[in-house]
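# Notes for the structure review
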Amino acid sequence: MVVQRARVPDTDGLWRLTMEHSPVGMALLSPDGRFLTANIALCDMLGHGCDELQRLTFQAITHADDRASDARLHARMMAGEIDSFRTTKRYVRADGTLLLGDVSVALVRDEAGSPLHVIAQIVDLTERQAFVERLDAAEAEVASEQAWTGAILDTVPLGLVLLATDGAFAAYNRVHQKFLDLAYPQGHAGRAGQDGFLYDAEQTRRLDRDELPSVRAAAGEEFDDQLLWVGEDPLARRAVAVSARTVRDRSGVFTGAVLAYHDVTDLLRARKVKDEFVASVSHELRTPLTAALAYLELLDYSSGLPDDVHQHVGAARRNMLRLSHLVADLLYAARATSGSPLVDPYRVDLATVVSEAVEAARVDADGRGVSIEADLDAPVVAVVDGLRLRQALDNLLANAVTYARRDGVVRVGLVGGEHDVEITVTDDGEGLDETELAQMFTQFFRGSNAREGQVPGTGLGLSIVRRIVEAHGGEVTATSAPGQGTSVRVVLPR
């Protein structure tokens, strides 16, 4: 019987095979640090061929600043203090670039304890270190951006809030903290929807949860200048105008919102003082103006006065009428901002109202050589505020006469339909371009022809026309073009 013995593997062959195919850089060195052999991975790391490495030492390829620490560890290992060591050090590649390596070194001794050779493994950490450095740089940049952003947030005079999708306050600045202290004296939870001392624009009631700007913004709504009052004490409350904008990612998904709180308390109080002053002065002017106009009208229609006196009286009357219209506009503007009802409708013949307005406008029109043509054949009865509508017509006619051509014509039309009434006032003046036409009924707007011609006025007249017409549930529009005059169309429900 033949007994077969297991074949002992060729350990040297296995070691060489493992070394050659390892993704880790491996080398066999003499005790004094000379390369005996190195695998392909290490040659590729260092950029040297195996033959080149065998002519070098471990110290030769080590960065100069790391040689001393490497030599100390090697000396301790040779002295028997340690059998191996692991360290991180830099190597110089063949092209002069640096390689950062995680190095594991072990000493192999013979049976007598004498050093035979050194085994070294090197893991390339260069890319990992570059990634760490890039990450550190990115973190430093983010920290810097956060510092700048924080400084900007605390510098702007607006209260700013960054809102997350769940309604949580991601960030807010010091100005907004003051608003929070007023609205939530017991503390704020840092989330949209908390009940606090927030009131509507008229300060008559506290806002419901769904009306809160933070809740609306968290729901993805965008808005501008929502006016509200903040604070429990009416004397210490602040008025804020709030605007919100959504934040979305590249795919358009809602990721949060930004709210801006602008303190407008001083502006509102200044407006209130202004309106009270204007109303007071206007009321004081109204009585003497009415009396003066009455006497001037009597003089103008008196016989026996010389022609030059009639001319002077007519000029005085025209200017007094203009002043009377201005006072009426100021009074109406004050009333419009006070919250009082703007119109008091009753049954009236609009043909009579328009006719009276035309006759009153003829005083100024005659002085400018402008004729007024009115098509007012039949009565047109409607339920409107005759006094306010007369004010609107006075403003439209005064505007048309002012900007009509010298010796030009202003045409007035009145048409009664089954459900509505249409009034038109058309002049043959210079007209307006599209940009100015869009702003024509804006408060305090004055066109370029008014500014260049230094035409007196406040810019209130046409905005008051719009207010009066809209208060009736009607609509006012205008058509115009440079050199083709302007036509204003008023449509009122009958």
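Only a predicted model underlies this, so the values are computations on that prediction, with no experimental measurement involved.

Okay, the overall build of the chain next. The helix and strand inventory of the chain stands at 14 helices and 18 strands. By residue count, 37% of the 494 residues in the chain fall in the buried class. Sequence-distant contacts, at least 24 apart, represent 52% of the contacts inside the chain between residues at least 6 apart.

With that out of the way, let us pick up the sheet that holds strand 5 (residues 115–124). The five strands are arranged 2-1-5-4-3 in an open sheet whose pairing can be described as antiparallel. A single partner strand is all that each edge strand has here, and the edge strands are strand 2 (35–38) and strand 3 (84–92). Across this sheet, the average inter-strand angle for adjacent strands is 25 degrees, counted without regard to direction. Relative to strand 5, strand 4 (residues 98–109) is paired through nine bridges, and the arrangement is antiparallel. From the neighbouring strand, Val 108 faces strand 5, where its bridge partner is His 117.

Using the criterion set out here, one finds four aromatic pairs in the structure. Measuring from centroid to centroid gives 5.9 Å for Phe 169 and Tyr 172, while their planes differ by 75 degrees, and the two rings are edge-to-face. You can call Phe 169 buried: its relative accessible area is 14%. Relative accessible area serves as the criterion here: at 35%, Tyr 172 is assigned to the partly exposed category. Measuring from ring centre to ring centre gives 6.4 Å for Phe 179 and Tyr 261, while their planes differ by 40 degrees; the resulting arrangement is tilted. One end of the pair, Phe 179, is in helix 6 (residues 174–183); the other, Tyr 261, is in strand 11 (residues 254–263), and 82 residues separate them in sequence.

Looking now at a nonpolar patch on the surface. Where nonpolar side chains cluster on the molecular surface, the patch consists of Phe 131, Val 132 and Leu 135 and spans about 250 Å² of accessible area. Note on placement: Phe 131 falls in helix 5 (residues 126–155).

Core analysis: the largest hydrophobic core is formed by 42 residues, its most contacted members being Leu 350, Ile 372, Leu 397, Val 410 and Leu 414. For this core, the secondary structure elements donating two or more residues are helix 10 (350–368), strand 14 (381–384), helix 11 (386–403), strand 15 (409–416), strand 16 (420–427), helix 14 (461–471), strand 17 (475–480) and strand 18 (486–493). Leave out the neighbours within four places in its chain, and Leu 350 touches Val 380, Ala 382, Val 384, Leu 389, Leu 414 and Val 421. Core analysis: the second largest hydrophobic core is formed by 24 residues, Phe 179, Ala 183, Leu 198 and Leu 212 among them.

For the rest of this paragraph, the subject is the pairing of strand 6 (residues 159–163). With four of its five residues buried, strand 6 lies for the most part within the structure. As defined by bridge partners, strand 6 adjoins strand 11 across five bridges and the pair is classed as antiparallel. Residue pairing across strands places Gly 159 opposite Tyr 261, the latter belonging to strand 11. Looking at chain direction, strand 6 and strand 7 (residues 169–172) are connected through three bridges and run antiparallel. If you follow Val 161 over to strand 7, its bridge partner there is Tyr 172. Between the antiparallel neighbours strand 6 and strand 7 lie five residues, among them Gly 167 with a positive phi of about 90 degrees.

On average, residues of the chain score 83 in pLDDT, and 87% of them are at 70 or above. Considering only residues more than four positions removed or in separate chains, one finds that residues 1–9, a stretch of pLDDT under 50, has one contact.

Calculation criteria
- Residues numbered from 1 in each chain as written.
- Predicted model: local features only at pLDDT ≥ 70, side-chain atom pairs only at ≥ 80, totals over all residues.
- Heavy atoms only, no water.
- Helix = DSSP H or I, 4+ residues; strand = E, 2+ residues; numbered from the N terminus.
- Buried < 20%, exposed > 50% of the residue type's maximum accessible area, 1.4 Å probe, protein only.
- Contact = heavy atoms within 4.5 Å.
- Pairing = 2+ DSSP bridges.
- Axes fitted to C-alpha atoms, helices over the stretch in contact; angles between N-to-C directions.
- Phe/Tyr/Trp six-rings, centres within 6.5 Å; stacked < 30°, edge-to-face > 60°.
- Patch = residues over 30% accessible without salt bridge, like charges linked within 9 Å, V, L, I, M, F, W, Y side chains within 5 Å.
- Areas by Shrake-Rupley, 256 points an atom, 1.4 Å probe, with all protein chains shown as cover.
- Salt bridge = Lys/Arg side-chain N within 4 Å of Asp/Glu carboxyl O.
- Core = buried A, V, L, I, M, F, W, Y, C linked by side-chain atoms within 4.5 Å.
- pLDDT = per-residue confidence, 0-100.

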